[in-house]
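The chain contents come next:
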Amino acid sequence: MSEAVIRPAGDSALLVEFENEISLEVNSRVRALKYTLEQSPFKGMGELVPAYRSLLICYNPLEIREKAAQEEVRSRLGHMDKVSMPKAIVTEIPVCYDKEYAVDLEHIAQLEHKSEEEVIRIHSQSDYFVYMLGFAPGHPYTARFENPFSFKRMENPRLKIPGGSIVVQLALSDIIPFDQPCGWNIIGSTPVLACDYRKQNPFLLQAGQWIHHRPVSKEEYLDIQKQVEAGTYVCRTWEKED
Amino acid sequence: MAIVVLSPGILTSVQDGGRQGYQQYGVSPSGPMDLHAFRTANILAGNDPDEAGLEMTVMGAELTFTAPVLVAITGADMGATLNGKRVAMYRALSVQAGDILKFGFAMKGCRTYLAVRGGIGVEPVMGSRATMLGKNFGGFKGRKLQKDDRLEIRPCTEALAHPETYFAEAEMVPEGVRTLRVIMGPQEDRFTQKGIHTFLNSEYTVGQDFDRQGYRLEGEKIEHTTDSNIISDGVVTGSIQVPGTGLPIVMTAERATVGGYTKIATVITADLPLIGQCKAGDRIRFQEVSVETAQELLSQEADRLEALRRQVEDPTHLPPANTPAPQEAAAPAVEHEYEYTRDVTISINGKSYEVTIQKWKQEQQ
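Residues numbered from 1 in each chain as written. Chains lettered and ligands numbered in written order. Predicted model: local features only at pLDDT ≥ 70, side-chain atom pairs only at ≥ 80, totals over all residues. Heavy atoms only, no water.

Things to note about the domain arrangement of chain B
All names here are of chain B.
Item 1. Here chain B is described as being made up of domain 1 (2-172 + 319-364) and domain 2 (178-289).
Item 2. Taken together, the contact between domain 1 and domain 2 spans 31 residues of the former and 20 residues of the latter.
Item 3. Counting the surface lost from both domain 1 and domain 2, the interface buries some 1,900 Å², and carbon and sulfur atoms represent 46% of this.
Item 4. On inspection of domain 1 and its partner domain 2, the count reaches one salt bridge. (Domains from an automatic or database assignment. Contact = heavy atoms within 4.5 Å. Buried area = accessible area lost by both parts, 1.4 Å probe. Salt bridge = Lys/Arg side-chain N within 4 Å of Asp/Glu carboxyl O.)

What about the interface of chain A and chain B?
Item 1. At the interface, 42 residues of chain A touch 38 residues of chain B.
Item 2. Of the roughly 3,200 Å² buried between chain A and chain B on both sides combined, carbon and sulfur atoms contribute 60%.
Item 3. Three residues stand out in chain A for area buried against chain B, namely Asp11, Glu47 and Tyr197 of chain A, and they jointly supply 19% of the buried area on that side.
Item 4. Scanning the region where chain A abuts chain B turns up three salt bridges.
Item 5. Glutamate 296 of chain B is the salt-bridge partner of arginine 65 of chain A, the closest N and O atoms lying 3.8 Å from each other.
Item 6. Applying the counting rule to chain A against chain B returns 14 residue pairs in polar contact (both at pLDDT 80 or more).
Item 7. Looking at the side of chain A that touches chain B, the elements that each hand over two or more residues are strand 1 (5-8), strand 2 (13-17), strand 3 (45-50), strand 4 (54-59), helix 2 (66-79) and strand 6 (128-133) of chain A.
Item 8. Considering only residue class, the side of chain A that touches chain B consists of 25 nonpolar, seven polar and ten charged. (Polar contact = N/O pair within 3.5 Å; in protein donor to acceptor, adjacent residues only side chain to side chain. Helix = DSSP H or I, 4+ residues; strand = E, 2+ residues; numbered from the N terminus. Nonpolar A, V, L, I, M, F, W, Y, C, P; charged D, E, K, R; others polar.)

Topic: the state of the cysteines
All names here are of chain A.
Item 1. Summed over all chains, the structure comprises zero disulfides over all chains.
Item 2. Just so you know, cysteine 96 is unpaired, no disulfide at all, and the nearest cysteine sulfur is the one on cysteine 235, 15 Å from it.
Item 3. Counting only cysteine sulfurs, cysteine 235 is the nearest neighbor of cysteine 195, a cysteine outside any disulfide, at a range of 14 Å.
Item 4. Cysteine 195 gets classed as buried once you look at its relative accessible area, which sits at 6%. (Disulfide = S-S within 2.5 Å. Buried < 20%, exposed > 50% of the residue type's maximum accessible area, 1.4 Å probe, protein only.)

Let's talk about the packing of aromatic side chains
All names here are of chain A.
Item 1. In the structure shown here, the tally under the stated rule is 18 aromatic pairs over all chains.
Item 2. Pairing phenylalanine 145 with tryptophan 210 gives two aromatic rings, centres 6.0 Å apart and planes at 70 degrees, and the pair type is edge-to-face. Of the two residues, phenylalanine 145 sits in the loop between strand 7 (140-143) and strand 8 (158-161) while tryptophan 210 sits in strand 13 (residues 210-216), which places them 65 residues apart along the sequence.
Item 3. Classification of phenylalanine 145 as partly exposed rests on a relative accessible area of 42%.
Item 4. Residue classification places tryptophan 210 among the buried residues on the basis of a relative accessible area of 11%.
Item 5. Taking 5.8 Å as the distance between ring centres and 15 degrees as the angle between the ring planes, the aromatic pair formed by phenylalanine 178 and tyrosine 197 counts as stacked. Taken as a pair, phenylalanine 178 in the loop between strand 10 (172-175) and strand 11 (180-182) and tyrosine 197 in the loop between strand 12 (185-189) and strand 13 lie far apart in primary sequence, 19 residues in all.
Item 6. Classification of tyrosine 197 by relative accessible area gives partly exposed; the value is 23%.
Item 7. Taken together, the aromatic side chains of Tyr52, Phe129, Tyr131, Tyr141, Phe145 and Trp210 make up a single cluster linked through ring pairs.
Item 8. The aromatic ring of tryptophan 210 is capped on one face by lysine 240, whose charged end is 4.2 Å from the ring centroid. (Phe/Tyr/Trp six-rings, centres within 6.5 Å; stacked < 30°, edge-to-face > 60°. Lys NZ or Arg CZ within 6 Å of the ring centre and 35° of its normal.)

Topic: the pattern of salt bridges
Item 1. Summed over the entire model, instances satisfying the criterion amount to 41 salt bridges over all chains.
Item 2. Salt-bridge contacts for arginine 198 of chain A lead to aspartate 196 of chain A; the nearest nitrogen and oxygen are separated by 2.9 Å.
Item 3. The exposure class assigned to arginine 198 of chain A is exposed, which follows from its relative accessible area of 53%.
Item 4. The exposure class of aspartate 196 of chain A is buried, given its relative accessible area of 6%.
Item 5. We note a salt bridge from arginine 39 of chain B to aspartate 50 of chain B, for which the minimum N-O separation is 2.8 Å. One end of the pair, arginine 39 of chain B, is in helix 1 (residues 35-44); the other, aspartate 50 of chain B, is in the loop between helix 1 and strand 3 (53-57), with eleven residues separating them in the sequence.
Item 6. Among the residues examined, aspartate 50 of chain B registers a relative accessible area of 29% and is labelled partly exposed.
Item 7. Linked by salt bridges that have partners in common, Arg7, Glu17 and Arg53 of chain A together with Asp189 of chain B make up one network.

Okay, structure coming up:
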C-alpha cells in the first residue's frame, strides 16, 4: 500500500490520490477517507467528490488556506485505518429483461454464445459495486469483480437511449438516469428512477454501495412504474455481507 | 410582481450563486459564468450577493415589469434601454409597471447580469435556483427563457431607504488578449516539458464551441508524455482538460463532476469571470501562479465585494452632483440614434442566430 498523494486542484480543492488502479481495495481507502472527513470535518471543508482511486476535497480558502487544509487532510489520512466503517448497502434494482426493454439481449446472447436465459442469470446473480456517480445526476459507474461478459461497446453508438435503460459491457453495468447517447448494449430496463427531482434527496444510489438486479416480468415492471410515478415505490435495501 | 419576457434574446437563464453539495451525485454547481459581475449586480440591487437574477448571453432580452421594482445591470454592455432611452449600468435603477427594459448585442464581452430587488422567485431545486441548462432542471422550468415567460419577483418587505447610494464605478469587460492565471496540475506530470512550455507560452483562441459547460480553445497542441487518459477523477470549475487532440478545454459552471482526461492546470477562482466574458475569437494566455497568490487574490475579491456592500449602504455615499437620480437615470442620448444598424448571423455551438447589431452614436454618456 503506497502513500496517498495530496495535490492542489486549483485554489479551492485538494485531490487525494491513492494507487493508480481500479479495484475494490483502493476504492475502500477513498471511502474510508471520505467517511473519516464526514465524521470529523475541518473548518472550511466543503463538498467531497469520491472517484475510483481519488477523493476531491473542496474547501473555502476564505476560511482555511491550502497548507492548513493539507495538514487537516494528512491527519485524517493518518487515522482513517482505525475508523470502523458502516456496512455497505445493497439496493435492489428491478429489471425487466423482456425483448421490448432489452433490445440487445438477443445480440448479447449471440456474442456470448449463451442462451438469453443464461445471460439474464449471469447479470442478476452477482452484485455490482458503485464506484462513483457522475456524467449525469445520479448516474452510477458500477462494476463487479469477475468477468461476467466478454463483449465491449458497440461500434456505432446510439444517438439516444431511454432513461431507465440498463447497459452493459465487460464487467460494467450502468443505469441510465435520463435519455442520452450511448454506445453500450442494452440488457434491460428498470422502472425505478436513478434521479427523481421531485424528492428531497433525488438520488437512488451513492458511491460505495452495491446494486443487485432482480428480474421482473413486464407486468411487475408496469406495476412498479405506476408506484414510481405516484412516488410510493421504495427499493428494497439490505446490508452487504462481508 | 413579475417580469414578463417580451423577447428572450439568445440565451437568458435564471441563475443564483450556484448549487452546492451534490457533486458526489453528479450534479455540477451551475450558477453564473461571471460571478463577480453577478454578485456586484445583486449588491447594487440591495440583495444578498448570491440572490437569483438573470444571465444573458451575447444578445440580451426584452423585458417588462408588472410592478415597480429596483434593478441593476452589470457585466457586458448590451446597450440597455428603458422605454427606448439608454440607461446606466452599475447602479440601482427604478423601473415602473409597464416599463420596457431592452438589451441588445454585446459588442464586447459575452454575458450581462440583471439583478432585481428581492430576487427571482423560482422554486429551488436541491437548494438552488440556478438553471442547469445542460440537464434541464432548476431555474425557470429547467430551461432558457422564452417569449411570454412570467418570472415572479420575490417580495421585499422593506424598500431601500436611499437607492441613490447604490452605485459603483462601471467596470469594463476586458479586451484584447486575456491572461488567465492558473495553478498547475493536478496532472501536469502527464505532459512533457515541451507541452507545459507550449501551454504557458502560446496564445489560444476561443473556438465556436463555448458554452456554460466549457470553452474549447484552439491553438498550438500540448504534448502529453504518453496519452490523455486517466482513471476518472473529480473536476472543479476552472479545470483545464487536455484530451487526445492536445487542445485545452476550460471547464465552466455546468461542467461534468468527474472526467477521464488529463488536467494540465486549473484557472484560479478570481480569474473565472474573465473566461465567462469570452466568446468565439477571443484570445487567451495562461500564466502560472502559486496557490497562495490565487487564494490572496480571492480574498481581495471578497474584500472588494464587502467594501462595495458597505459603501452602497452608507447614506453619505452619493453620486457626483451632475449624475441624474436613478429614477431619471436615462442617458441624454437621443432615442434610437445609431451609428449603424447591421443584421448578422452569429453562431454559438453550431447553432446560428440572426441578430441585429446596433452601434450607438454616443458610446459613452
